[in-house]
Amino acid sequence: MNIYVLLKKTFDTEEKIVVSNGQIEDDSAEFIINPYDEYAVEEAIKQRDEHGGEVTVVTIGDEDSEKQLRTALAMGADKAVLINTEDDLEDGDQFSTAKILETYFEDKDADLILAGNVAIDEASGQVGPRLATRLGISYVTTITGLTISGDTAQIEKDVEGDVEKIECPLPLLVTCQQGLNEPRYPSLPGIMKAKKKPLAELEIDDLDLDEDDLEPKTKTLEIFMPQEKQAGRVLEGEPDAQVKELVSLLKNEAKVL
Amino acid sequence: MGETKESLFKGGAFLIEDLTGEDIITPEDFTDEHKMIAKTTEDFVVGDVLPKVDNLENHEFEHSVELLKKAGELGLLGADVPEEYGGLALDKISSSLITEKFARAGGFSITHGAHVGIGSLPIVFFGNDEQKEKYLPKLATGELLAAYALTEPSSGSDALGAKATAKLNEAGTHYILNGEKQWITNSAFADVFIVYAKIDGEHFSAFIVERDYPGVSTGPEEKKMGIKSSSTRTLVLEDAEVPVENLLGEKGRGHIIAFNILNVGRYKLAIGGVGGAKRALELAVGYTNQRKQFNTPISSFSLTKEKLGTMGAHTYANESAVYRTVGLFEQRMGSLTDEQLKDGREVARAIAEYQIECSMNKYMCTELLDFVADEAVQLHGGYGFMQEYEVERIYRDSRINRIFEGTNEINRLLVPGTLLKKAMKGELPLFEKATTLQEELMMMMPEEVGTETLEQEKYLVRNAKKMVLLGAGLAAQKYMQKIEQEQEILVNLADMVAEVYNMESAILRTEKAIQQSGEEKNNLKVLYTQVYVQEAFNRIEADAKETLIAVEEGDTLRMMLSSLRKLTRHTPTNVIAKKREIAAQIIEAEKYIV
């Protein structure tokens, strides 16, 4: 089976976000594989181990993205592709990303494409579905279970806490939700092997694209930090009085009633 | 490696050589693979070990075994094992990073360390092919677990005074071992023990003893102050039957094995100390940011900053020093042929070259951990005394580090002792340097110190080296061979030498980092270095003075003290201000950063 994983690097969940001049500072930030993409990598490896074939991890990013690709290779993926847009693309949005991937996948014969449900940074959840649409293949988002037999996938999908069971033919794109699996740590032998696994680097030029083809369809107007949470208030007195005060506060202060 | 470089890489050479940042290996040199190995270790510790800490602390050792096997699957037991025996044969930086990241697991890090270090390495270094073939592949996966049995009830520091005996049976097939080995880490579950005993009561030798051999048993679990997650019992040998082929190394040469393994144990404990200190600092700063008194987070008080700043600076200097030592192993092994690298003895020899560094790192880093753990508890106030807080366990776990693998006192005594031996053997021109120094000091004019970054620190470390030479030279002259009895002076010298190593390691690391990525990005490293060097210099000055006063008297003393004053003349750094700057960055990051 020809399996592909779409992977993005995101800020480490431990990082503090600092906004200055309307931009998120990423100078000294530590990056990780987007945690939802980790489920995708893990699932891809498991499916390959069961059905044979090859796992290719694809990312769009810069030189530093190699680190996350190597991590995926160390976990057990076979090949990695870095589409480096550092020098060519100043701005991009989900359209640009989907467009690049669409072009990349044009001549690929993918049976299964896995992506994260969302990236924890911009959390649009769009790239997977958009790509599948452009490629004309089925997609299922937020999956928590995947069993493949022959050309058919049995899928469990998370629907706001409920489970929906879907049967779907390959080729297929799925986006992965927490609960699908428990991503493995890259083992030390895996880390040492990853050094020798193929990692191809492409630029948009190699895909016959230029910046105009990728011009974003959206504009980011403003980036700002959420307001700091104020300390809560504890009401005192008899329960009756407290209820009255609460209702009055909800009405007059919070204006939600 | 050219000839000139070779001299830089001699153990103890730092005392007389002038080095630059280029000459040493620093944490900034770690590769992506190193970082990935560290990350996997950390993920394993946080994800798998920490959830089991309470079970481990309650001596439910089935979890230790299970966790070690899982560590084995990840490759975390095979870093120092050669590839042909199922290991990964990683460089020493990789295995050090594993050790550092395991530190957070408290007592379980001792379990892991005893298995991969003192338990497995005797076979890696000194086993013959059959022994390696038989044991190493299973030790690397965790199928077999190892322990190390040297200490006895009546022989601790005096390890060669062991009473355990071995006697060849009449058929010549087995050694019959008798004796009691005390405080054996991993003894509840270890399958293989490296045991020292005297053949015929006189030839100190090492044996590979399997748990299932007739006559081998363990005593009850000890009740300890800390590292409760690790198993500690007595190993009892009652006519234990050990096949002759399980003699490790040569008959009567057990001390060579013990000596080499101690070096490894020491630098690994040092790395663990740095890892533990980083964790304690992280807990301390996290707590002080969140804890409010007088409506103010206590991290805003300048006394808290003073503590955090000192903890940070000490951690930096010790981290720089211990990875410099690991780098030295690598540099030295880099000069070995593949053939030599396959011979475990050569690797052990490469490490043994740096026994001075291993000992210094051991006492400095374990005292770093004790200091940082103590301050971390203090910063937690009463909560730090409560067992719900991790810092309480760190404090208890820390204490043993100053005792095992050679007490810090024994390690201190070894440092000047070994330096003097090297000098007498002509390996280090210490006496020549000391003689020229005494002449130089007579004529010495105050030196103008430049204002460039680190200029002052380099000046201080140069003079600190001279103070060591001055003290050591005078003491050696006066006491000659009897210097061994002047333990207070030896310990003063050991402290001075170790402070020099730490200071210089911090300076060189910072210098190298500035060369690599500029001063602006390394501002915190500069601050750490300035603070540490100033304070270490003050300590060295006090030790030097005390030493001179003990060794000399009358006019000579007055002359020597005046020489000392020439060496200590400088405009001191404002450490209070610098610590505030350091603390501001640590408080912002909520952890130790560089």
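Source: prediction; values computed, not measured. (Residues numbered from 1 in each chain as written. Chains lettered and ligands numbered in written order. Predicted model: local features only at pLDDT ≥ 70, side-chain atom pairs only at ≥ 80, totals over all residues. Heavy atoms only, no water.)

### Details of the interface of chain B and chain A
A common measure of how large an interface is: the accessible area buried when the components associate. Opposite the 20 residues of chain B that make contact, chain A presents 13 residues. Interface area lost by chain B to chain A is led by Glu33, Met36 and Leu74 of chain B, which between them contribute 38%. The interface formed by chain B and chain A includes 0 salt bridges. Linking chain B with chain A are 5 residue pairs in polar contact (both at pLDDT 80 or more). Sort the elements by how many residues they give to the side of chain B that touches chain A and helix 2 (residues 32-49) of chain B lands first, with 9 residues. Residues that form the side of chain B that touches chain A fall into these classes: 9 nonpolar, 3 polar and 8 charged. (Contact = heavy atoms within 4.5 Å. Buried area = accessible area lost by both parts, 1.4 Å probe. Salt bridge = Lys/Arg side-chain N within 4 Å of Asp/Glu carboxyl O. Polar contact = N/O pair within 3.5 Å; in protein donor to acceptor, adjacent residues only side chain to side chain. Helix = DSSP H or I, 4+ residues; strand = E, 2+ residues; numbered from the N terminus. Nonpolar A, V, L, I, M, F, W, Y, C, P; charged D, E, K, R; others polar.)

### Section: the confidence of the model for chain B
Segments scoring low in pLDDT should not have their predicted coordinates read at a detailed level. Averaged over chain B, the pLDDT score is 95; the fraction of residues at 70 or greater is 99%. Quick note on the complex model: pTM equals 0.93, ipTM equals 0.89. (pLDDT = per-residue confidence, 0-100.)

### Thoughts on the packing of helix 9 (residues 254-290) of chain B against helix 12 (residues 344-352) of chain B
Residues and elements named next belong to chain B. Two elements in contact, helix 9 and helix 12, have axes separated by 9 Å at closest approach and are oriented at 60°. Taken together, the axes of helix 9 and helix 12 lie oblique to each other. Regarding helix 9 and helix 12, the two cross each other, and that crossing is left-handed. The residues of helix 12 that touch helix 9, namely those facing Phe259, Asn260, Asn263, Val264 and Tyr267, are Ala348, Arg349, Ile351 and Ala352. When its residues are assigned to classes, the contact of helix 9 with helix 12 shows 6 nonpolar, 2 polar and 1 charged. (Axes fitted to C-alpha atoms, helices over the stretch in contact; angles between N-to-C directions. Parallel < 35°, antiparallel > 145°, perpendicular 65-115°, else oblique. Left-handed = near helix turned anticlockwise from the far one by under 90°.)

### Some remarks on the sheet that holds strand 1 (residues 2-7) of chain A
All names here are of chain A. The mixed open sheet is built from 9 strands, whose spatial order is 11-10-9-12-8-1-6-7-13. Of all the strands in the sheet, just strand 11 (162-169) and strand 13 (199-202) have a single pairing partner and so form its edges. Along the sheet, successive strands turn relative to each other by an average axial angle of 30°, direction set aside. The pairing of strand 7 (residues 79-84) with strand 13 spans 4 bridges and is parallel. Bridge assignment links Ala80 to a residue of strand 13, and that residue is Leu199. Helix-sheet contacts for helix 2 (residues 66-75) involve strand 1, strand 6 (54-61), strand 7 and strand 13, and the interaxial angle to strand 7 is about 165°. Here helix 3 (residues 94-105) sits on the sheet in contact with strand 1, strand 6, strand 7, strand 8 (112-116) and strand 13, set at roughly 145° to strand 6. (Pairing = 2+ DSSP bridges.)

### Overview of the pattern of salt bridges
Residues and elements named next belong to chain B. According to the stated counting rule, one finds 47 salt bridges over all chains in the structure shown. A salt bridge links Asp80 to Lys268, with the shortest nitrogen-to-oxygen separation between them at 2.8 Å. In this pair, Asp80 is assigned in the loop between helix 4 (62-74) and helix 5 (92-102) and Lys268 in helix 9, connecting sequence segments 188 residues apart. Classification of Asp80 as buried rests on a relative accessible area of 11%. Since its relative accessible area comes to 9%, Lys268 is described here as buried. Linking Glu427 and Lys425 is a salt bridge whose minimum nitrogen-to-oxygen distance equals 3.7 Å. (Buried < 20%, exposed > 50% of the residue type's maximum accessible area, 1.4 Å probe, protein only.)

### Overview of the packing of aromatic side chains
If you walk through the whole model with that rule in mind, you get 22 aromatic pairs over all chains. Where Phe30 of chain B meets Tyr323 of chain B, the ring centres are 5.1 Å apart and the plane angle is 70°; that geometry is what we call edge-to-face. One end of the pair, Phe30 of chain B, is in the loop between helix 1 (3-8) and helix 2; the other, Tyr323 of chain B, is in helix 10 (residues 302-333), and 293 residues separate them in sequence. Here Phe30 of chain B and Tyr323 of chain B have matching classes, each one buried. Consider the rings of Tyr316 of chain B and Tyr528 of chain B, whose centres lie 5.1 Å apart with planes at 25°: the pair is stacked. A residue pair is termed long-range when its members are at least 10 positions apart, and Tyr316 of chain B in helix 10 and Tyr528 of chain B in helix 19 (residues 523-551) qualify at 212 residues. Overall, Tyr528 of chain B belongs to the buried group, its relative accessible area being 0%. An aromatic cluster is built from Tyr4, Tyr104 and Phe105 of chain A, whose rings are joined through pairwise contacts. (Phe/Tyr/Trp six-rings, centres within 6.5 Å; stacked < 30°, edge-to-face > 60°.)

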